[in-house]
Amino acid sequence: MKKVVEASYLTADSAAHYRTILRYFYHQHERMRDFISPEELLDYLRTIPMFGDYQEEQLHQQLAQLVKWNNLIARQDMTNAKTVEEYKKKRFRYQSTPYTIEIERMLIVLEKKVGDTFQGSLERSQFDRLLQSLANLQKELTGDLSKKPEEYLRIWEDVFRYFQTIRTSTADYIAYINSEQTDQRMQTEAFLVYKNQFTTYLRDFIVSLQNTALQIRERLDELTLDKMSVFFEKLIEHRQSIPRLEDVRSSVEEWRMEYLEYWDSLRQWFLGSSLQQSELDVLQWQTNEMIRRMTRYVQRIGERQQHFRSRKNDYLHLAKWFVSTDTIAEAHKLSSVVFGAMTIKHLQLEEVSTDNIHSETWEEDPVLLPLKPRTNRYRERTKPGSMVSNTERKRQQREQYLAERKQERLLIERHIDEGVIRLSTLATVEPFVRKVLLSWIGKSMASKDGRVKTDYGMIVKVSIDREKSIHLHAEDGTLRMPDALFTFEGEGGSGA
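Note that this is a predicted model, so its numbers are computed, not measured.

Visitor: With reference to specific residues and values, describe the overall build of the protein chain.
Guide: Broken down by element type, the protein chain carries 16 helices and six strands. Buried residues in the protein chain amount to 31% of all 496 residues. Looking at the protein chain alone, contacts between residues at least 24 apart form 66% of all its contacts between residues at least 6 apart. Carbon and sulfur atoms provide 51% of the accessible area of the protein chain, an area that totals close to 35400 Å².

Visitor: Can you lay out the packing of helix α15 (residues 391-414) against helix α16 (residues 431-445) for me, pointing to particular residues and giving the numbers?
Guide: For the pair α15 and α16, interaxial distance at closest approach is 10 Å and the crossing angle is 80 degrees. Our classification of the angle between α15 and α16 gives roughly perpendicular. Within the contact between the two elements, α15 uses E408, L411 and I412 and α16 uses F432, V433, V436 and W440. For the contact of α15 with α16, a count of residues per class yields six nonpolar, no polar and one charged.

Visitor: Tell me about the sheet that holds strand β6 (residues 477-489), and please be specific about residues and values.
Guide: Spatial strand order, β3-β6-β5-β4: four strands in an open sheet with antiparallel pairing. The open sheet has two edge strands with one neighbour each: β3 (420-422) and β4 (451-453). Mean inter-strand twist for the sheet, computed between neighbouring axes without regard to direction, equals 40 degrees. Pairing of β4 with strand β5 (residues 459-474), which is carried by three bridges, proceeds in the antiparallel orientation. Residue K453 lies in a different strand from β5, and its bridge partner there is I459.

Visitor: Tell me about the packing of aromatic side chains, and please be specific about residues and values.
Guide: Under the defined criterion, the tally for this structure stands at 20 aromatic pairs. Seen in terms of ring centroids, Y152 and F231 are 5.8 Å apart; in terms of plane orientation they differ by 80 degrees. Their pairing is edge-to-face. Residue Y152 is located in helix α7 (residues 149-177), and its partner F231 is located in helix α10 (residues 225-241); the two are separated by 79 residues in the primary sequence. Assigned by exposure class, Y152 and F231 land together as buried.

Visitor: Please set out the environment of L411 residue by residue, giving values where relevant.
Guide: Turning to its location among the elements, L411 is positioned in helix α15. According to the relative accessible area criterion, L411 is buried, its value standing at 17%. Setting aside its immediate chain neighbours within four residues, L411 contacts E430, F432 and V433.

Visitor: Please provide a residue-by-residue account of the pattern of salt bridges, values included.
Guide: A complete count under the given rule lists 20 salt bridges for this structure. Note that R256 and E253 form a salt bridge whose closest N and O atoms lie 2.8 Å from each other. Here R256 pairs with E253, and both are found in helix α11 (residues 252-271), just three residues apart, close to one helical turn. Judged by relative accessible area, which is 48%, E253 ranks as partly exposed. A salt bridge links R409 to E413; the shortest N-O distance between them is 2.7 Å. Residue R409 and its partner E413 are both found in helix α15; the two are separated by four residues, about one turn of the helix. In this structure E413 comes out as buried when scored by relative accessible area, which is 14%. Salt bridges here are not isolated pairs; linked through shared partners, they connect E151, R154, D158 and R161.

Visitor: Tell me about the side chain of D483, and name the residues and values.
Guide: Along the polypeptide, D483 turns up in strand β6. Setting aside chain neighbours within four positions, we find D483 in contact with R422, L423, S424, S463, I464, D465, K468 and I470.

Visitor: Would you mind going over helix α14 (residues 328-339) in detail, with residue names and values included?
Guide: When the terminal C-alpha atoms of α14 are compared, their 16 Å separation across 12 residues agrees well with the 16 Å that a helix rising 1.5 Å per residue should span. When we look at burial in α14, the residues that qualify are A331, L334 and S335. Each buried residue of α14 sits inside an arc of 105 degrees when the element is viewed along its axis, so together they form one side. Exposed residues on α14 whose side chains face more than 90 degrees from its buried face are H332, K333 and V337. On the buried face of α14, the contacting elements are α13 (312-324). Note on α14: the residue one or two positions beyond its end, G340, has a positive phi of about 85 degrees.

Visitor: So, a nonpolar patch on the surface: which residues are in play, and what are the values?
Guide: Where nonpolar side chains cluster on the molecular surface, the patch consists of W321, V337, V338, F339 and M342 and spans about 550 Å² of accessible area. Looking at which element gives the most residues to the nonpolar patch, the answer is α14, with three residues. In this fold, F339 is placed in helix α14.

Visitor: I'd like a description of the pairing of β6, backed by residues and values.
Guide: Note: β3 against β6, three bridges, orientation antiparallel. Residue pairing in the sheet places I421 in a bridge with F486 of β6. Two elements, β5 and β6, share 13 bridges in a ladder whose sense is antiparallel. Among the inter-strand pairings, I470 is bridged to a residue of β6, identified as M481. Once β5 ends, the chain turns through two residues before running back antiparallel as β6.

About the thresholds
Residues numbered from 1 in each chain as written. Predicted model: local features only at pLDDT ≥ 70, side-chain atom pairs only at ≥ 80, totals over all residues. Heavy atoms only, no water. Helix = DSSP H or I, 4+ residues; strand = E, 2+ residues; numbered from the N terminus. Buried < 20%, exposed > 50% of the residue type's maximum accessible area, 1.4 Å probe, protein only. Contact = heavy atoms within 4.5 Å. Areas by Shrake-Rupley, 256 points an atom, 1.4 Å probe, with all protein chains shown as cover. Axes fitted to C-alpha atoms, helices over the stretch in contact; angles between N-to-C directions. Parallel < 35°, antiparallel > 145°, perpendicular 65-115°, else oblique. Nonpolar A, V, L, I, M, F, W, Y, C, P; charged D, E, K, R; others polar. Pairing = 2+ DSSP bridges. Phe/Tyr/Trp six-rings, centres within 6.5 Å; stacked < 30°, edge-to-face > 60°. Salt bridge = Lys/Arg side-chain N within 4 Å of Asp/Glu carboxyl O. Expected span 1.5 Å × (residues − 1). Arc of directions from axis to C-beta. Patch = residues over 30% accessible without salt bridge, like charges linked within 9 Å, V, L, I, M, F, W, Y side chains within 5 Å.

Listed below in structure tokens is the structure:
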């Protein structure tokens, strides 16, 4: 949860300078040149028009700042020192840190993305490649595992490279299809041109997915944890063979847990668990839903086009049908088929008497409906009523309210000690007291001087100690919060 100070250069005031400097370090790192001198960096910067008046002193200050942010590592350069003064001057060469290299690598990937929309794709071949990699893994586990550990690492990397491509590409493409921009474009008539291309693309992906998904699931079921544990040991053996200056024996268990978690993520993506549906099933459902949604949009576009189309020819065709009938009875029959019944009456109940949606009307009890005259002069009869005085009830409610407020004030004043209340010194308080104290804190944060006028006529100054955390115990639970001091001024300040 710590701050990533290594990313501070991205939003600093001189971000353009810092990013140019570190991008140069990144390119040199890719060329296997790690230590860069300030003179070389200054010559490079002055070739950029923006840095035409860039001074060496400014460069040293910014390099020192990047060292503070852990973006660069300074190493004293003693190769060119010819005098004691030059040696004491401490000339440095700089090397970029691993954090910085990864940040710059991420930024280069982001800069290549087009716009602010997701990309991705539904690659059918990735599932075939993953299936082949799992087959190779299963084949090795059935053997004697006598190959070099590097061979097993290559198989492991192949499996998860294809799996990672499947995860990221499909997730990004689903997000692209579900984005607001794509949804709006699908509702335009221009989408009709791409309709067949989209549906064919999605349908072919579903067919290929159904052909390979079952085989991948069978492979994962056969590759049990006991079998994979032996394979994990081979991977750990390879990592231990890489020379390291630090002691790696304590990392063996972490590596084993890392491989286990990776393998569990692969299994859950395809097989799911007892508590969660597999991502593969979700992907199939989302792809089918995309096809259904595209079909609905195409249908709506067609309906809009049909709405503005002239029905003249249709009506003329219907008129020819009616002309061809011999009798009025046949014309009535044709009319009932084309336009429906003309004089049918519909009966319904004003109130629903049951929640059963399968109940028929004639199965319900009859309802009596009073008939009212069809005239705008009709008024229902009303009975004269009398005024009831509520004076006594109002007086009782007022007395009860004042008594409650008095009792509440007594509860608050019981916790006042010499005109102040400090939360850290309180024992268990009533839930009402906690609610009042929290309300005072909320009101004080909206006040410039932190003073609050309470409902009891008291002036309270609230001071919050954010560095100190306390537990405020109440009868219904414990609240973890910063310590606060309530100083009573004016009325009620003495707590009496």
